[in-house]
Amino acid sequence: MNPPVQSAPWKVYGQTLHSRFFIGSARYPSPQVLHDAIVASGAEVVTVGLKRSLAAGGDNGFVCQVRAALRERGGHLLPNTAGCHSAREAVTLAQMARELYDTAWIKLEVIGDEHTLQPDPWETAAAAETLVKLGFSVFPYCTDDLVSCRRLLDAGCELLMPWGAPIGSGQGLINPSALRTLRERLPGVPLIVDAGLGAPSHAAQALELGIDGVLLNSAVALAGDPVRMAAAFGHAVAAGRLGYEAGVMARQEMAVASTPVGGRPFLIG
């Protein structure tokens, strides 16, 4: 299985990356499948839920496979605060993650609604401000609301992770217009769509809009063949970015002949 074509290097918190695909590590059928999926995806950043890891007894087989795959690729571990419902809880968990995994990178999640798993904008901003002061590189999970996103940037975040759809729903980009607005109004800010993608085409669509990367978990982990699906997403992300860089043609309201013949002589029969 050929690895995905890599786009031009880009930087996240001063670290150079070649892949624009961030992959999660939960719900895989086995540690070996997780390892193989990470390798097939071409991803250089893998998220790990600290609460889940602790509940399973600490540095279990899944985390060991994540570390092994990252060592092979020279990648980065991105612990997350999934399961937190307050800024205080998220800050405490982030500090534990830094001690356990020896990284200042933290994916900040503070959930405000159990049904949609939508992030709490106020608690997320409060946690982000505290974590930045503590020296963390914060990757905030947020909605696609422009004002909330600006508040996170004001708190010191250098990138944003707006959702595509509710976590684990597989719906794809439910509001591409809002994501397009974020891209237009926040030029130069790395944007990584996080949550809700279900098919490789969803990832390609996000990258074609100018989004810098995607993070997903369930779409790969719950696929019939997670390793092949990881590779599919890797190729889709690369294709979407190449399409954006090449310049997607403007949409037209009516048909435009691809081979105009008006004013030119031609023969029939």
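Everything that follows concerns the structure shown earlier in this document.
Residues numbered from 1 in each chain as written. Predicted model: local features only at pLDDT ≥ 70, side-chain atom pairs only at ≥ 80, totals over all residues. Heavy atoms only, no water.

Caption draft 1: The packing of helix α5 (residues 121–133) against helix α6 (residues 146–154), seen in detail. Contact geometry of α5 with α6 gives a least axis separation of 9 Å together with a crossing angle of 15°. With respect to α6, the element α5 is oriented roughly parallel. Crossing angle aside, the handedness with which α5 passes α6 is right-handed. Of the residues in α6, those in contact with Pro121, Thr124, Ala125, Ala128 and Glu129 of α5 are Ser148, Arg151 and Leu152. (Axes fitted to C-alpha atoms, helices over the stretch in contact; angles between N-to-C directions. Helix = DSSP H or I, 4+ residues; strand = E, 2+ residues; numbered from the N terminus. Parallel < 35°, antiparallel > 145°, perpendicular 65-115°, else oblique. Left-handed = near helix turned anticlockwise from the far one by under 90°. Contact = heavy atoms within 4.5 Å.)

Caption draft 2: Spatial organisation of the side chain of Ser137. Secondary-structure assignment places Ser137 in strand β7 (residues 137–142). Relative accessible area serves as the criterion here: at 14%, Ser137 is assigned to the buried category. Apart from the residues lying within four places of it in its own chain, the contact partners of Ser137 are Tyr13, Ala104, Trp105 and Ile106. (Buried < 20%, exposed > 50% of the residue type's maximum accessible area, 1.4 Å probe, protein only.)

Caption draft 3: Molecular detail of the pattern of salt bridges. With the rule as written, the count across this model stands at eight salt bridges. In this structure, Asp194 engages Lys107 in a salt bridge whose closest nitrogen and oxygen atoms are separated by 2.9 Å. On the criterion of sequence distance, the pair formed by Asp194 in strand β9 (residues 192–194) and Lys107 in strand β6 (residues 105–108) is long-range, its members being 87 residues apart. The exposure classification of Asp194 matches that of Lys107, with both residues buried. (Salt bridge = Lys/Arg side-chain N within 4 Å of Asp/Glu carboxyl O.)

Caption draft 4: A look at the packing of aromatic side chains. Taken as a whole and judged by the stated rule, the model has four aromatic pairs. With centroids separated by 6.3 Å and ring planes inclined at 40°, the aromatic side chains of Trp10 and Phe22 adopt a geometry described as tilted. Of the two residues, Trp10 is situated in strand β1 (residues 10–12) and Phe22 in strand β3 (residues 21–23); the sequence distance between them amounts to twelve residues. For the residue pair Trp10 and Phe22, the accessibility class agrees, reading buried in each case. Here Phe21 and Phe233 contribute two aromatic rings whose centre-to-centre distance is 6.1 Å and whose plane-to-plane angle is 35°, an arrangement assigned as tilted. Of the two residues, Phe21 sits in strand β3 while Phe233 sits in helix α10 (residues 226–246), which places them 212 residues apart along the sequence. Here Phe21 matches Phe233 in class, with each residue buried. Here the aromatic cluster, defined as three or more aromatic residues joined through ring pairs, consists of Tyr13, Trp105 and Phe139. Cation over ring: Arg98 sits above Phe136, and NZ or CZ is 3.9 Å from the ring centre. One residue, Lys107, lies across the ring of Tyr141, its end atom 5.8 Å from the ring centre. (Phe/Tyr/Trp six-rings, centres within 6.5 Å; stacked < 30°, edge-to-face > 60°. Lys NZ or Arg CZ within 6 Å of the ring centre and 35° of its normal.)

Caption draft 5: Region of interest: the pairing of β6. Residues Trp105 and Lys107 point to one face of β6 and Ile106 and Leu108 to the other, with burial holding for every one of them. The pairing of β6 with β7 spans four bridges and is classified as parallel. Paired with Ile106 across the strands is Val138, a residue of β7. In this fold, the crossover linking β6 to β7 by way of α5 has right-handed handedness. (Pairing = 2+ DSSP bridges. Right-handed = clockwise from strand over helix to strand, strands pointing away.)

Caption draft 6: Examining the nonpolar core more closely. One finds Phe22, Ile23, Val138, Phe139, Val214 and Val220 to be the most contacted residues of the largest nonpolar core, which totals 73 residues. Ranked by residue count, the leading element in this core is helix α4 (residues 87–101), at seven residues. In this view, Ile23 contacts Tyr28, Ala37, Ile38, Ser41, Ala43, Val45, Val46, Thr47, Leu216, Val220 and Ala230; residues no more than four positions away in its chain are not counted. (Core = buried A, V, L, I, M, F, W, Y, C linked by side-chain atoms within 4.5 Å.)

Caption draft 7: Molecular detail of the environment of Glu123. As for its position among the elements, Glu123 is in helix α5. Classification of Glu123 by relative accessible area gives partly exposed; the value is 28%. In this structure, the C-alpha to C-alpha distance between Glu123 and Ala68, residues 55 residues apart in sequence, is 34 Å. Ignoring sequence-local partners within four residues, the contact set of Glu123 consists of Ser86, Ala87 and Val110. A distance of 2.7 Å separates the side chain of Glu123 from the backbone nitrogen of Ala87, its partner in a polar contact. (Polar contact = N/O pair within 3.5 Å; in protein donor to acceptor, adjacent residues only side chain to side chain.)

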